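# Breakdown of the fold
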Amino acid sequence: MIILTNFKAYPSAVFENARQLVQTHIEVQTDILKTRPDVQFAVAVNTLDLQSLCKEFSDHIDIYAQHCDNAHFGSSTGKILPEMLYQMGVKGVILNHSENRFPSENDFEALRSTIACAKNAGLTVVCCAETAEEGAFLSQHSNADFIAIEPPELIGGDVSVSTSRPELISESVTKIGEKKVLIGAGIKTGKDVSIALKKGAIGVLLASGVTKSSHPNTVLQNLATAHQ
Ligand code: G3P
């Protein structure tokens, strides 16, 4: 099971707070692994925090970028280079997140080539989609490793996708395939994770449930002890 926390740009999850939150993930993961070797935490941190956090922690937890560009060394002003991310120790990248979407169907090529660029650099790609149909399309037409299904209207809210739209999880798994679907939006509890796993997801992508909690270690423990 994968539990990927997207730090976004929450004040509680940038700069020194990001450092502490990564440490909390590592502590909980170390503890959980004794009884649940199947649980894998990962953190997607702000671009500006990537280098320092990778230096300190990339041997202990998988660190993801929240975005990258289809760009290479050389004349690439202002771009986030997948090759540089990889060299820094970044494990993977989230692409096409609802809050940072590639221009839709009309320009799928831009997303596809960015996924390919990230994969060629050695990164694991979590490609986001807003519907099961979009997820299936992206899965069929790219080599993304995982497809994260997140209904945008539930992102950052109190109602989880697991409790309000469990059928979306099964539908996504049917259309996209097993061991490929992450589910996200409003995920906060072990129960949310259990439903996601029961419906066939390989894990969850979440943010506010952890980043806005005053006890992130308790939340993470709760998420990680969820059973299928
Ligand atoms: O990338 C994770 C995300 O968009 C879900 O956010 O706050 O609903 O867990 P949240």
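Please read these numbers as outputs of a predicted model, since none were measured by experiment.

Here is what the cut-offs are and how they apply
- Residues numbered from 1 in each chain as written.
- Predicted model: local features only at pLDDT ≥ 70, side-chain atom pairs only at ≥ 80, totals over all residues.
- Heavy atoms only, no water.
- Helix = DSSP H or I, 4+ residues; strand = E, 2+ residues; numbered from the N terminus.
- Rg over C-alpha atoms; globule rule 2.2 N^0.38 Å.
- Buried < 20%, exposed > 50% of the residue type's maximum accessible area, 1.4 Å probe, protein only.
- Contact = heavy atoms within 4.5 Å.
- Areas by Shrake-Rupley, 256 points an atom, 1.4 Å probe, with all protein chains shown as cover.
- Lys, Arg positive; Asp, Glu negative; His and termini not counted.
- Charge placed at Lys NZ, Arg CZ, Asp CG, Glu CD.
- Near = heavy atom within 4 Å.
- Polar contact = N/O pair within 3.5 Å; in protein donor to acceptor, adjacent residues only side chain to side chain.
- Pairing = 2+ DSSP bridges.
- Right-handed = clockwise from strand over helix to strand, strands pointing away.

## Overview of the overall build of the protein
Looking only at helices and strands, the protein has 10 helices and eight strands in total. On C-alpha atoms alone, the protein measures out to a radius of gyration of 16 Å, which is about the 17 Å that the 2.2 N^0.38 rule sets for 228 residues. Along the longest, intermediate and shortest principal axes, the C-alpha atoms of the protein span 45 × 40 × 30 Å. The burial tally for the protein puts 56% of its 228 residues in the buried class. Counted over contacts in the protein with a minimum sequence separation of 6, partners at least 24 positions apart contribute 64%. Accessible surface, the protein as shown: approximately 10,200 Å² in total, 50% of it carbon and sulfur. Across the protein, 19 positive and 25 negative side-chain charges occur, with their mean positions spaced 4 Å apart.

## Remarks on the site of the ligand
Looking at the ligand, the residues that line it are Asn6, Lys8, His97, Glu150, Ile155, Gly156, Ala185, Gly186, Leu205, Leu206, Ala207 and Ser208. In this structure, an oxygen atom belonging to the ligand sits 3.0 Å away from a side-chain N or O atom of Lys8. A distance of 2.8 Å is found between an oxygen atom of the ligand and a backbone nitrogen or oxygen belonging to Ala207. Look at the ligand: alone it shows 310 Å² of surface, and the protein chains cover 100% of it.

## A few points about the pairing of strand E4 (residues 92-95)
The side-chain alternation of E4 yields two buried faces, one formed by Gly92 and Ile94 and the other by Val93 and Leu95. Note: strand E3 (residues 62-65) against E4, two bridges, orientation parallel. What sits directly across from Tyr64, in E4, is Gly92. At this point the chain moves from E3, through helix H3 (residues 82-88), to the parallel E4, and the crossover so formed is right-handed. Here E4 pairs with strand E5 (residues 124-129) via four bridges, running parallel. Across the sheet, Val93 pairs through a bridge with Val125, a residue of E5.

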